[in-house]
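Letter by letter, the chains look like this.
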Amino acid sequence: MIENQETEFKREYTDDLKKEVVAFLNTNDGTIYIGMNDDGSICGIADIDVTMQKISSSLRNAILPDCTRFFHMEVCGEQGKYYLRLNVVKGTQTPYYLSEKGMRPSGVYIRVGNTTVQASEDMIRELVRGANSEKFEEKKAYRQDLTFQAAQHVFDERKVEFGPQQMRTLGLLDAEGFYTNLALLLSDQCEHSIKCAIFEDTTKKVFKDRKEFGGSLFEQVDRVLEYLNVYNKTASVIGDKLREDAREYPPTAIREALLNAVVHREYSYSGSTFVNLYEDRLEIMSLGGLPDGISLEAVRLGISQPRNRNLANIFYRLNYIEAYGTGIPRIYGYYRNTGKEPTITIVKGAFQICLPNLLHAAADQTKPGNSHEQKILKYLEDHEMITKVEAAELIGTKEPRAYIILRTMAENGLLSVSKQGKKYIYTKK
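Just so you know, these numbers come straight off a predicted model, no measurement behind them.

### So, the overall build of the protein
Helix and strand counts for the protein come out as 15 helices and 18 strands. With respect to the three principal axes, the spread of C-alpha positions in the protein is 85 × 55 × 40 Å. Across the 429 residues that make up the protein, the buried fraction comes to 48%. Across the protein, every contact between residues at least 6 apart in sequence was considered, and the portion connecting residues at least 24 apart equals 61%. Carbon and sulfur atoms make up 47% of the accessible area of the protein, which totals about 21,800 Å². Here the protein contributes 56 positively and 59 negatively charged side chains, and the mean placements of these two sets differ by 5 Å.

### Some points on the sheet that holds strand β15 (residues 343-347)
The sheet built from six strands is open, its strands ordered β10-β9-β13-β14-β16-β15 with mixed pairing. Two strands in the sheet have a free side with no partner beyond their single neighbour: β10 (207-213) and β15. Sheet twist, expressed as the average angle between the axes of neighbouring strands with direction ignored, equals 15°. By the bridge criterion, five bridges tie β15 to strand β16 (residues 350-356) in an arrangement that is antiparallel. Residue pairing across strands places threonine 345 opposite glutamine 352, the latter belonging to β16. Helix α8 (residues 251-264) contacts β9 (194-199), β13 (273-277), β14 (281-287) and β16 of the sheet and is inclined by roughly 15° relative to β14.

### Points about the packing of aromatic side chains
Evaluation of the coordinates by the stated rule reveals 15 aromatic pairs. Aromatic side chains tyrosine 33 and tyrosine 83 sit 6.2 Å apart centroid to centroid with 50° between the ring planes, which places their arrangement in the tilted category. Taken together, the positions of tyrosine 33 in strand β2 (residues 30-34) and tyrosine 83 in strand β5 (residues 81-88) put the pair 50 residues apart, joining distant regions of the chain. Taken together, the ring pairs in this structure connect Phe148, Phe155, Phe162, Tyr179, Phe218, Phe315 and Tyr320 into an aromatic cluster. Taking NZ or CZ as reference, arginine 210 lies 3.4 Å from the ring centre of phenylalanine 207, over its face. Across the ring face of tyrosine 278, the terminal group of arginine 281 is positioned such that the distance to the ring centre comes to 3.7 Å.

### Things to note about the packing of α8 against helix α10 (residues 309-317)
For the pair α8 and α10, the least separation of the axes is 9 Å and the interaxial angle reads 140°. Listed contacts from α10 to Leu259, Val262 and Val263 of α8 are Leu311, Ala312 and Phe315. Considering only residue class, the contact of α8 with α10 consists of six nonpolar, no polar and no charged.

### Focus: the sheet that holds strand β1 (residues 7-10)
As summarised here, the arrangement of the four strands in space is β1-β2-β5-β4, forming an open sheet in which the pairing is mixed. Across the chains shown, the open sheet's two edge strands, defined by having one partner strand only, are β1 and β4 (71-78). If you compare each strand with its neighbour and ignore which way they point, the axes differ by 20° on average. Note that β1 and β2 share four bridges and pair parallel. Across the sheet, the residue bridging to threonine 7 is threonine 31, located in β2.

### Observations concerning the environment of valine 299
Within the secondary structure layout, valine 299 lies in helix α9 (residues 296-301). C-alpha of valine 299 to C-alpha of glutamine 152: the two residues are 147 residues apart in sequence and 32 Å apart in space. Discounting chain neighbours no more than four positions away, the residues touching valine 299 are Leu290, Ile294, Ile328 and Pro329.

Calculation criteria
Residues numbered from 1 in each chain as written. Predicted model: local features only at pLDDT ≥ 70, side-chain atom pairs only at ≥ 80, totals over all residues. Heavy atoms only, no water. Helix = DSSP H or I, 4+ residues; strand = E, 2+ residues; numbered from the N terminus. Buried < 20%, exposed > 50% of the residue type's maximum accessible area, 1.4 Å probe, protein only. Contact = heavy atoms within 4.5 Å. Areas by Shrake-Rupley, 256 points an atom, 1.4 Å probe, with all protein chains shown as cover. Lys, Arg positive; Asp, Glu negative; His and termini not counted. Charge placed at Lys NZ, Arg CZ, Asp CG, Glu CD. Pairing = 2+ DSSP bridges. Axes fitted to C-alpha atoms, helices over the stretch in contact; angles between N-to-C directions. Phe/Tyr/Trp six-rings, centres within 6.5 Å; stacked < 30°, edge-to-face > 60°. Lys NZ or Arg CZ within 6 Å of the ring centre and 35° of its normal. Nonpolar A, V, L, I, M, F, W, Y, C, P; charged D, E, K, R; others polar.

Following this line, the structure appears as structure tokens:
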């Protein structure tokens, strides 16, 4: 084994290691051996645990964008000497750079032969252009020791073949026979997760329960749906002069919202998908926002531009989703004629859908002055207008939640909305 474009030897850990990692992230997959001489012989590391901690901390804090999904460390040993093998996969958000230097030549590095060098401004521009064409799910996974017990079970249940040929066709294996990031997402070793939290009331003050679900995305979806089903209460209501059982949330709406979050999120980010259940609403938030060129209005009409096309195709083939672009319109359809409507909030890098609790809404309507909406309407009897800041203080919630309530009231014809400078004001119709 010799040093080349994909291999680097280091006798010990130094702060310059982050430059080597940046170079591999920007150029090609590579391996850095710490505890090896230049000729490939092992010199070893005295304190392996401390060195690993230093490396992990340095790479997390010193490199932007977040690169934690693209490196993996292993402890190796021969003849009583231990060394580290640091595997680095080319990132999907090039250029990667040293946070203290910024995205300029002094902070951006690439590999040229077996050497790490600073990137020129022209090369940085090329890296920016190249990142736009990268597809996370198609790239080689940084781990290749994958198993697929959960996925195999799902494929068997649906009576769909899941052998090497099918894995290649579906995009789990690349042209060289290596597992892709798509395979990693569906494997038992998937490191993304869904974090669920159940709250006592309408705020985050008191937890009733919380759980984190990992493993294959198939397993995560099934387990989260089972978990939420326990908390989706049933009550008897009067409808058309008959007593009927009703759920707080349409189960199919929960399923569609969760699948939308799992299938369309941005997996090059290392964060979790969040599911928060409150007394009056269920919020599901995923990373990534909307793809460029797609508006919220287009999504509500059923326009679909899958961020993870191969992942969406697999979930479609296995009947988790019915058809591209139908999820969001179906969710709104489940709330038709209920007097309530889901809301979608989009910010840079995140997408949240909020499902209202139908039974909680009905209870509010039978108790005048007991709902957030009626408090706001009562306030406007004595005041000319209200802002989200004032509404948040009035109803005892945070500003983002107050904004959602005000916007929903405006959409339902209860309020008029206009812009005054940089802020929105709401008045009674």
